[in-house]
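What follows is the residue order along each chain.
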Amino acid sequence: MLRAANQLVAKALAEVGRAVKPGVTTSTLDRIADEFIRDHGAVPTFKGFPNPYGGPFPAAICTSVNDCVVHGVPNDEPLKEGDIVSVDCGTLLNGYNGDSCYTFCVGEVSEEVWNLLRVTKESLYLGIQAALPGKRIGDVGYAVQEHCEKAGFGVVREFVGHGIGREMHEDPQVPNYGRRGNGPLIKNGLCIAIEPMIVMGSPSIYMMPDKWSIRTRDHQWAAHFEHTIAIHHGKADILSSFEEIEQIEK
Ligand code: MG
Ligand code: MG
């Protein structure tokens, strides 16, 4: 059930990916995702998601451009050549949740930015590799943090991965930093979303007046990649997928 919800997220992100180009607005991307999810019998879980600081989230996807780290609200400003946009998407299908995020390039990006995206995606897979029965959540965070900081990038602390199932956000929290051998024990049956949010400069962030968008204080750019995984039969099984997106990127 979780795989079905997450495969739908993967397909929705691929639909969005096909449309990402200079001149397109993030509200157009939102419309594409919203329609695609509903056409496949699911609900975009982000839409109407409550906010302790303000109004509910108004869209089906979060679109975080350049120095926006997470929770960017789709708007009518066209994307420009060289921008990056992190598209985070959630679905509820037959009572189970999908959650995945991918940072897309708008046309050609600088080598520096490409490197940020590469390292962040690599750190996601290193985190997944560390998510084995008998290990601890701190091992996952350590793997992500170690890889990104070694490359000279910063790890955002205020937002973390999470358990996932019937609710989009369940226990345990899955930070992108940590100490080996620390934190909750990973067991067969655990389902979590791992989602490194990595920045080129200082990991210090602030919230925009819209009470959703989170940006870096130094306005250096940020990347965000997320997979939902299930730990079972002694290994981490990736339930979401970047395969179709990566085909399009090629
Ligand atoms: Mg997400
Ligand atoms: Mg998530």
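Located above this text is the structure these notes cover.
In this convention, every chain numbers its residues from 1, walking through the sequence in written order. Each chain is given a letter, starting from A, and each ligand a number, starting from 1, according to the order in which they appear as written. Selection of residues for local features in this predicted model requires a pLDDT of at least 70, selection of side-chain atom pairs for listing and counting requires 80 or more, and totals for whole chains, interfaces and linings are taken over all residues. Neither water nor hydrogens contribute to the side-chain values; these are computed over all heavy atoms in the structure.

Looking at the packing of aromatic side chains
- The criterion for an aromatic pair is that two Phe, Tyr or Trp rings (for Trp, the six-membered ring) have centres within 6.5 Å, with stacked assigned to planes under 30 degrees apart, edge-to-face to planes over 60 apart and tilted to the rest. Per the counting criterion, the structure on display carries six aromatic pairs.
- Ring geometry for Y102 versus F104: centroids 5.0 Å apart, planes at 50°, classification tilted.
- Owing to a relative accessible area of 1%, Y102 belongs among the buried residues under this scheme.
- The buried category is assigned to F104, whose relative accessible area is 4%. Each residue's exposure class comes from its accessible area (1.4 Å probe, protein chains only) as a fraction of the maximum for that residue type: buried when under 20%, exposed when over 50%, partly exposed otherwise.

A word on the nonpolar core
- By size, the foremost hydrophobic cluster in this structure holds 54 residues, and its most contacted members are L29, I192, I194 and I229.
- By residue number, the principal contributor to this core is helix α1 (residues 2-19), which donates eight residues.
- Setting aside residues up to four positions removed in sequence, I192 forms contacts with I137, H162, G163, I164, P172, V174, H227, T228, I229 and I231.
- The next biggest cluster of nonpolar side chains, apart from the first, holds eight residues, and it includes V69, V70, V199 and I214. The definition of a nonpolar core used throughout is a set of buried Ala, Val, Leu, Ile, Met, Phe, Trp, Tyr and Cys residues joined through side-chain atoms within 4.5 Å. In DSSP terms, a helix is any run of H or I states spanning at least four residues, a strand is any run of E spanning at least two, and both are numbered starting from the N terminus. Contacts are residue-level and defined by heavy atoms, with any inter-residue pair within 4.5 Å sufficient.

Some points on the coordination of the magnesium ion (ligand 2)
- Only nitrogen, oxygen and sulfur atoms count as donors, using a 2.8 Å cut-off from the metal that widens to 3.2 Å for Na, K and Ca. Water is left out, so coordination shells may look unfilled. The magnesium ion (ligand 2) binds to the protein through D99 (OD), H162 (NE2), E195 (OE) and E226 (OE), with metal-donor distances spanning 2.1 to 2.2 Å.
- Each donor residue of the magnesium ion (ligand 2) belongs to the same chain, with the gaps between them written as D-x62-H-x32-E-x30-E.
- In this structure the magnesium ion (ligand 1) is found 3.1 Å away from the magnesium ion (ligand 2), and D99 serves as a bridging donor for the pair. Linking D99 in strand β5 (residues 96-105) with H162 in strand β7 (residues 161-163), this pair joins segments that are 63 residues apart in sequence. Accessibility classification places D99 together with H162 in one group, the buried group.

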